[in-house]
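Structural overview for review
Here's the letter readout for the chains.
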Amino acid sequence: MQDDDLADQSASDALLMSSTWKVTLFTGVVTLILGIIVAFKPGGSLNVVAVLLGVLALISGIFQLVRVFDRAEPHRVWLGISGVVLIRHLHLTVALIGLLVGITWIVQGVAALIAAFSGAREGAVWWGIFGAISLIAGIVVTANPSTSITVLAALLGIWFIVMGVFEIIGAFLFRRALSKAQASEQASAGVTAR
């Protein structure tokens, strides 16, 4: 009885592992394609993100407008208006995304610099370097958010290409390791059967 349970567990593990490399391969191909699209068309990719954020704000505004009888929601009209503005003026939405990224990096950089200089801490030099780079990058992005976010989108696309290639390679390496393990298992099963 216990041998049957062990055989069932081994079969389900083998099925899971055999499908894992396929999922990794699929993820790698999708990431690679997304990376190519974003790297070569960063402006168009940003417009898609801007429209999606505008639609999100508009839907949120509509939900808030539906709650018209709830006096606890004083800003429901402004959410709907902001959604329309964000869809209509994509350059404004892209600039807002860049501004948000820049401000986030500034806060992150300041926090890392504070952590680096607040007493003896392991890796304080690296925290200081990270904080300075993050702070400088945040200031640059905040100073010109529209242009900066387009450059960041292109760099993100290149990063997606690199990640996609590594995921594809990893999938094939995993498949090869799985095939070797299965062949080894079959060989050892053949030896014990004799």
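Residues numbered from 1 in each chain as written. Predicted model: local features only at pLDDT ≥ 70, side-chain atom pairs only at ≥ 80, totals over all residues. Heavy atoms only, no water.

Right, let's talk about the overall build of the protein for a bit. Counting its regular elements, the protein contains six helices and zero strands. Along the chain direction, N to C, the helices and strands of the protein fall in the order α-α-α-α-α-α. Of all 194 residues assigned to the protein, the portion counted as buried reaches 23%. Restricting the contact set of the protein to residue pairs at least 6 apart, pairs at least 24 apart contribute 73%. (Helix = DSSP H or I, 4+ residues; strand = E, 2+ residues; numbered from the N terminus. Buried < 20%, exposed > 50% of the residue type's maximum accessible area, 1.4 Å probe, protein only. Contact = heavy atoms within 4.5 Å.)

Tallied over the entire structure, the rule returns one aromatic pair. For the ring pair W127 and F130, a centre distance of 6.2 Å and an interplane angle of 85° mean the geometry is edge-to-face. Pair noted here: W127 and F130 are both in helix α5 (residues 124-143), with a separation of three residues, about one helical turn. (Phe/Tyr/Trp six-rings, centres within 6.5 Å; stacked < 30°, edge-to-face > 60°.)

In terms of nonpolar packing, the biggest core is built from seven residues, these being V38, L46, A50, V94, I97, I149 and A153. Of all the secondary structure elements, the ones that give two or more residues to this core are α2 (42-66), α4 (90-116) and α6 (145-193). (Core = buried A, V, L, I, M, F, W, Y, C linked by side-chain atoms within 4.5 Å.)

For α5, with 20 residues, the first-to-last C-alpha span of 28 Å sits near the 28 Å given by 1.5 Å per residue. Listed in full, the buried residues belonging to α5 are G128, G131, S134, G138 and V141. Axial view of α5: buried residues confined to an arc of 170°, hence all on one face. In this structure, α5 carries V125, W126, I133, I136 and A143 as exposed residues pointing more than 90 degrees from its buried face. (Expected span 1.5 Å × (residues − 1). Arc of directions from axis to C-beta.)

This paragraph deals with the confidence of the model for the protein. Predicted confidence across the protein gives a mean pLDDT of 76, with 66% of residues reaching 70 or more. For the protein, per-element mean pLDDT is lowest for helix α3 (residues 76-88), which scores 64, and highest for α5, which scores 90. (pLDDT = per-residue confidence, 0-100.)

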